[in-house]
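What follows is the residue order along each chain.
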Amino acid sequence: KSVAAAAAKAVENALPEVPKQPFVIGVSGGTASGKTTVCDMIIQQLRDHRIVLVNQQDSFYRDLTADEAEHANDYNFDHPDAFDTEQLLECMRKLKNGCSVNIPKYDFKNHGRSSEGFRRVNTSDVVILEGILVFHDSRVRDLMDMKIFVDTDADSRLARRIIRDTVVRGGDVTSVLERYGKFVKPAFDDFVLPSKKYADVIIPRGGDNHVAVDLIVQHIRTKLGQHDVCKIYPNVYVIHSTFQI
Ligand code: ADP
Ligand code: C5P
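Cut-offs used in this document
Residue numbers run consecutively from 1 along every chain, following the written order of its sequence. Here every chain gets a letter starting at A, and every ligand a number starting at 1, in the order they are written. Per-residue local features are limited, in this predicted model, to residues with pLDDT of at least 70; the limit for side-chain atom pairs, both in listing and counting, is 80 or more; totals at the level of whole chains, interfaces and linings are taken over all residues. Excluding hydrogens and water, the side-chain figures rest on all heavy atoms present in the structure. Residues enter patches when their relative accessible area tops 30% and they take part in no salt bridge; the joining distance is 9 Å for like charges and 5 Å for the nonpolar side chains Val, Leu, Ile, Met, Phe, Trp and Tyr. Surface accessibility follows the Shrake-Rupley procedure with a 1.4 Å probe radius. Residue values consider only the protein chains on display as shielding. Every case where a carboxyl oxygen of Asp or Glu lies within 4 Å of a side-chain nitrogen of Lys or Arg is listed as a salt bridge. Counting from the N terminus, the helices are the DSSP runs of H or I reaching at least four residues and the strands are the DSSP runs of E reaching at least two. The near set for a molecule or strand comprises every residue that places at least one heavy atom within 4 Å of it. Definition of a polar contact: a pair of N or O atoms within 3.5 Å, with one able to donate and the other able to accept a hydrogen when the atoms are protein atoms, and with sequence-neighbouring residues admitted only if both atoms are side-chain atoms. Under the convention adopted here, Pro, Cys and the residues Ala, Val, Leu, Ile, Met, Phe, Trp and Tyr are nonpolar, Asp, Glu, Lys and Arg are charged, and Gly plus all remaining residues are polar.

A. Representation of a nonpolar patch on the surface. On the surface, Ile163, Val167 and Val168 cluster together into a nonpolar patch covering about 290 Å² of accessible area. Residue position: Val167 is located in helix α6 (residues 154–167).

In structure tokens:
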């Protein structure tokens, strides 16, 4: 018996150490391209895996100074400097290392951190980081095991953005169009589109593209079945970079 136990121990010691890290997916794309929709579709399909944490980059918007808040219409929320990337990095590194984190909640109507504070989340088998500029910083990109770019025509995105911002996020059509021309479109051309080259997978037509989402889910399932990703975490979450309240 002791020989068998010793043999089992020897085999155990000989096995390579399995890194217990979640599989991290980045989902980028222009405003209203369908990033959140695609994340929701992935999570829906992975339900049986007890999976995903979605972290939204929007949760890591910097708080505005009193002066910036007073002139919020002139503030560029589409520039990389609008985000607290150091805080996002720290959060993602902790999740990657199996730790729990506090994810700030963001209030679009008041352009700042929500008074509701934080969402406490444990890490998960799969962590999805979603946001317009999640491929911009190489340190954030380097934490990702898979990068997806949701590619939807600009006119469809603008139409959806007008509806969403007037109905959900509390703006009027004129101010939405002004912001789009002044900040959103130029920042898309300068920062979001150039980051598309880092994507492993580009999804045309966003959430309408069921074939692409099926293929992505198949790939994640394969990864979850391999040794580089452990099924050690009891939950699946998606981290939205922007948490809408
Ligand atoms: P993002 O996360 O990229 O900003 P969302 O997934 O939140 O985009 O979608 C933006 C808006 O467009 C939402 O109101 C959503 O309901 C709508 N939407 C998303 N995908 C589609 C689609 N394929 N057809 C019609 N409306 C859509
Ligand atoms: O969900 P989506 O990816 O579209 O979120 C990013 C967009 O949110 C940016 O294009 C930015 O203009 C907008 N935004 C806003 N007001 C804020 C913060 C972000 O309209 N306070």
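Further notes follow.
B. Representation of the site of ligand 1 within the structure. As a matter of local geometry, ligand 1 sits amid Gly30, Ala32, Ser33, Gly34, Lys35, Thr36, Thr37, Glu130, Arg160, Arg164 and Asp208. Gly34 has a polar backbone atom sitting 3.0 Å from an oxygen atom of ligand 1. A distance of 2.9 Å is found between a nitrogen atom of ligand 1 and a side-chain nitrogen or oxygen belonging to Asp208. For the shell around ligand 1, the secondary-structure elements that each account for two or more residues are α2 (35–45) and α6. Per-element tally for the shell around ligand 1: the top contributor is α2, with three residues. In the shell around ligand 1, the residues fall into one nonpolar, five polar and five charged.

C. The site of ligand 2, seen in detail. Around ligand 2 sit 15 residues in total, of which Thr31, Asp78, His111, Arg161 and Arg164 are the nearest. Note that an oxygen atom of ligand 2 is positioned 2.6 Å from one of the side-chain N or O atoms of Thr31. Within the side chain of Tyr106, an N or O atom sits 2.9 Å from a nitrogen atom of ligand 2. When isolated, ligand 2 has an accessible area of 480 Å², and the protein chains bury 95% of it. For the shell around ligand 2, the residue count by class is seven nonpolar, two polar and six charged.

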